[in-house]
Amino acid sequence: MSCFCAPQEEFYCEVLLLDETKLTLTTQQQGIKKSTKGSVVLDFVFNHVNLAETDYFGLRYCDRSHQTYWLDPSKTLSEHKDLITTGPPYTLYFGVKFYAEDPCKLKEEITRYQFFLQVKQDVLQGRIPCPLDISAQLAALAIQSELGDYDPYKHASGYVSEYRFVPDQKEELEDAIETIHKTVTGQVPSEAEANYLGIAKTLDMYGVDLHPVFGENQSEYFLGLTPIGVVVYKNKAQVGKYFWPRITKVHFKETQFELRVVGKDCTETSFFFEAPNKTACKHLWKCCVEHHTFFR
């Protein structure tokens, strides 16, 4: 029996997956309407990707001002006002929401594969900066995962240039990737991907969700939500770190964001930051609360 529902309830959405394929979700095909809960949409995506360890993942969307949000599983699609004003059609982005401190210890190979795809994207888009030698190692393992062993008959000089691994990819890096690819012979895709994650997890910006804030005298900072706690950056240097178990309160009011932290002497101290606007402050608070809950 066909699905009849009011036009305002109709929903048409494209979910961009980490392997760069798309999943289309519609009222006609899956029965998803604007009154459908976010958890139902997530389940469709998890089933499509064949994920069991689902807790690490989520669906992001952008509002008209390019502020990013995570789809709330407990709310209906129509309650996501910033999403509904962007379509139809609507676009959701599947990705890692909570980065495992050691992704190599994830139980399922498919979970590790999705982490590999996410981190590869993070490196390509500049969210995880790497020195040249590390970039070459990572890219060679990514090439090994995709193409298998180096074969001089199949891989003509310059074959690496068909792929993109870092934001500003130069020939020098491509030559280094080709050289290293010749040395990782014998690694099957899952092994190459695990070795990739083994290197990536040691990088400073692995798993860091950055939020711009202002400190004293309107100094510019970034708060980074990480698997171990909240890290404070100024001029790209780490200037503070608050571990999740020591954070006792996360609060916001208007544009002011507060972290309350217990010191080693058991006294509590509050640290205050100003977010660029109310929306950004609430988003930072929500992300911080979710990270705090997940990693504690």
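Residues numbered from 1 in each chain as written. Predicted model: local features only at pLDDT ≥ 70, side-chain atom pairs only at ≥ 80, totals over all residues. Heavy atoms only, no water.

### Quick notes on unusual backbone geometry
So, step 1. For the peptide bond that leads from G87 to P88, omega is 0 degrees, which places it in the cis range.
So, step 2. Relative to the elements of secondary structure, P88 occurs in the loop between helix 3 (81–84) and strand 5 (90–96).
So, step 3. Residues P88 and P89 are joined by a peptide bond in cis, for which omega reads -10 degrees.
So, step 4. On the secondary structure map, P89 appears in the loop between helix 3 and strand 5.
So, step 5. Even without being glycine, K236 reaches a positive phi, approximately 65 degrees.
So, step 6. Structurally, K236 is set in the loop between strand 8 (229–234) and strand 9 (237–243). (Helix = DSSP H or I, 4+ residues; strand = E, 2+ residues; numbered from the N terminus.)

### Looking at the sheet that holds strand 5
So, step 1. Reading across the sheet, the 5 strands line up as 2-1-5-3-4 and stay open at both edges, with mixed pairing between neighbours. A single partner strand is all that each edge strand has here, and the edge strands are strand 2 (22–26) and strand 4 (68–70). Across the sheet, the axes of successive neighbouring strands diverge by a mean angle of 30 degrees, strand direction being ignored.
So, step 2. Note: strand 3 (residues 57–62) against strand 4, 3 bridges, orientation antiparallel. Opposite C62, over in strand 4, you have T68 as the bridge partner.
So, step 3. Where helix 4 (residues 109–124) meets the sheet, it contacts strand 3 and strand 5, and its direction lies at approximately 110 degrees from that of strand 5. (Pairing = 2+ DSSP bridges. Axes fitted to C-alpha atoms, helices over the stretch in contact; angles between N-to-C directions. Contact = heavy atoms within 4.5 Å.)

### With respect to the packing of aromatic side chains
So, step 1. By the definition in use, this model includes 19 aromatic pairs.
So, step 2. Measuring from ring centre to ring centre gives 5.0 Å for F116 and Y196, while their planes differ by 90 degrees; the resulting arrangement is edge-to-face. Placement of F116 in helix 4 and of Y196 in helix 7 (residues 189–200) is noted, with a sequence separation of 80 residues between them. The same class applies to F116 as to Y196, namely buried.
So, step 3. Ring centres of Y221 and F273 lie 6.5 Å apart, and the angle between their planes is 70 degrees; this geometry places the pair in the edge-to-face category. Placement of Y221 in strand 7 (residues 220–225) and of F273 in strand 12 (residues 268–274) is noted, with a sequence separation of 52 residues between them.
So, step 4. Residue F273 is classed as buried on the basis of its relative accessible area, which comes to 8%. (Phe/Tyr/Trp six-rings, centres within 6.5 Å; stacked < 30°, edge-to-face > 60°. Buried < 20%, exposed > 50% of the residue type's maximum accessible area, 1.4 Å probe, protein only.)

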